[in-house]
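# Working through the structure, step by step
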Amino acid sequence: MLGWLVAVGCVILVAWIWPRTKYTGSKKKPSSDALLTGLLTGIPQAKAGETPASDRGHEKSASAVALICKPSALANYLLKHCRTFNNYSPCVGWSWRASAILQSVYDTCWPYSSPVQFVRDHLQLSDEGLVSLDWALALCGTSSHKRRRTSSTSNSPVLLIVPNSFGKITRNVLKLCEAALSHGYLPVVFNRRSHNGTPLTTLKLQQFGDPADLREAVRYIRYRQPAGRLYAAGESTGAGLLLSYLGECGSSSYVTAAVCLSPVFRCQSWFESGLPRAVQWALVLYQKMSLSRYRTVLEETVHADSLFSSSSLRGLEEGLFCQTPHKSTSLPAPTTAPSGSTGPNTSGSWEAYWDRNEPLRDVDEVAIPVLSVCARDDPVRGPPRYTLPLELFQTNPHFFLLLTEHGGHCGFSAQAPVTGVAPGSGSGGGGGVGMPRTSWSHGALLEFFRATTDFFASEERAKQLAARRRGLGGGMAGRSFRNRSISTCKRVPECSHNIHAIYSWQRSYTR
């Protein structure tokens, strides 16, 4: 597998870099596009005259980052307390890290020997399928004791990481686990059915934006760690599944805050024509390799020959989820129907498939702060003018966009080490140490979690104080913070988290 990844990386480098002479970072100012729009209209409060004196030294680097969002009290708080947002100094000149393409290939394909030790839980779902949760428990060489599972009495915050939709655990995910561990989090990586060595026990694969399996995984995490707050991070196309979950569950998501690293928003158009040929060829090859071990089983429900002869991501996705069953069989089809149904997808419609799987279909129901970290030069997502829903960030108070001039896809290499997050502040940071060689986006992610947690904690304290002054008592006001959200859902959420009504925990659902 490593040899294939190295070969794919080499092909991408040759196909992309050879015909290009301008491959290094550019110091040219952005034109009148999304970045300028964000700087001028995203947050009117973010003016140079209102910047603290201690931050004026970062004025040059701040021009490379725009925080685009609707003005709010939380936005003002983030501008004031998230120093990492204005502390990004991308690599420029003739360094290979200045190339968006090289950064993306490096953080996606280059092998990495992580010092993090993982312990896997196989979670049996309600339909007897399996997903796996990889808990990052300790760094190699530390004195931390190794356990089969984390203690349910621990109050450490949990960071749920959703990798890309192709099942590749990238260097970026492993480095994020390291950074989270160093700041007191309990990172756990969610692996879909058949991904990353997870056995495929049913003839059912997970559709791109179907959050049913993730919903059951969150229930299990909450059962195992009831005392710790839950945060979530989605990488690349995995952010689509995270956004689908947050939109479908609304205020019942159990997540305190979420971050999307280099997300793909308009996924239907991305599958249709949004990828360069070299990237599409590499992803198609990787997905075919992953599915080839199940070819005999898949032949019972799909047209395997046409599936494996496809040369595009759209062809693979249609072959798996938009066809009628190939043979009459009593086994379930390898697709899932709309939420609440278990029948096969017999419509055969590409448009109907994305009506159920587009990540932003229920975006108005998202009830927690969500930060998206994107780069203008992202070679995978495409030009920001056509691929970023700027109106969402400018009108929805729950969504924040950090748009950088450089960074590639999940790259964000900086000239100097990130200084890390302030110690002992709210969201779990026992680590208050520096974060050398950590991606800038990871520092921004951790600081966003800390700042949102501190903001809501201060809001709760203010409410309790006001209630006591009115003589109404404030004892009940602060009990709901751990699973609180900013607003209530416009409709009754489809998912319920009545854990004991769903599972009988008298027997083990893990292997």
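No experiment lies behind these values; they were computed from the predicted model shown.

### Looking at empty space enclosed by the protein
A probe as big as a water molecule, rolled over the atoms, marks out the empty space that is left. In this structure the tally under the stated criterion is five cavities of 30 Å³ or more. Computed from the structure, the second largest cavity encloses a volume of approximately 240 Å³. Lining the second largest cavity are 17 residues, and of these S165, H195, Q206, Q287 and L320 lie nearest its centre. Elements with a minimum of two residues in the lining of the second largest cavity: helix 10 (277–292) and helix 13 (313–321).

### With respect to the environment of Y245
Its location among the elements puts Y245 in helix 8 (residues 238–249). Expressed as a C-alpha distance, the spacing of Y245 and D362, which sit 117 residues apart in the sequence, is 9.2 Å.

### Points about the pattern of salt bridges
The full count for this structure, using the stated rule, is 15 salt bridges. Its salt-bridge partner being D213, residue R193 comes within 2.7 Å of it at the nearest N-O pair. Within this pair, whereas R193 is found in the loop between strand 5 (186–191) and helix 7 (212–224), its partner D213 is found in helix 7, the two being separated by 20 residues in sequence. Considered together, R193 and D213 belong to a single accessibility category, that of buried residues. In this structure, a network of salt bridges that share partners links the residues D127, R193, K204 and D213.

### A few points about helix 14 (residues 350–357)
Extensive coverage of helix 14 is indicated by the burial of six of its eight residues. Of all the residues in helix 14, the buried ones are W350, A352, Y353, W354, R356 and N357. Each element contacted by the buried residues of helix 14 is listed here: helix 8, helix 9 (267–273) and helix 13. Between a side-chain oxygen at the N-terminus of helix 14 and the backbone nitrogen of E351 the separation is 3.4 Å; the capping residue is S349.

### Re the environment of S349
Position of S349 among the secondary structure elements: in the loop between helix 13 and helix 14. Assessed through its relative accessible area of 26%, S349 is described here as partly exposed. With 27 residues separating them in the primary sequence, S349 and C322 have C-alpha atoms 6.0 Å apart. One polar contact links the side chain of S349 to the main-chain amide nitrogen of A352, over a distance of 3.1 Å.

What counts, and where the lines are drawn
- Residues numbered from 1 in each chain as written.
- Predicted model: local features only at pLDDT ≥ 70, side-chain atom pairs only at ≥ 80, totals over all residues.
- Heavy atoms only, no water.
- 1 Å grid on protein atoms, 1.4 Å probe; cavity = no way out; pocket = protein on both sides within 12 Å on 5 of 7 lines; lining within 4 Å.
- Points joined across faces, edges and corners; volume = space filled by probe spheres on them.
- Helix = DSSP H or I, 4+ residues; strand = E, 2+ residues; numbered from the N terminus.
- Salt bridge = Lys/Arg side-chain N within 4 Å of Asp/Glu carboxyl O.
- Buried < 20%, exposed > 50% of the residue type's maximum accessible area, 1.4 Å probe, protein only.
- Contact = heavy atoms within 4.5 Å.
- Polar contact = N/O pair within 3.5 Å; in protein donor to acceptor, adjacent residues only side chain to side chain.

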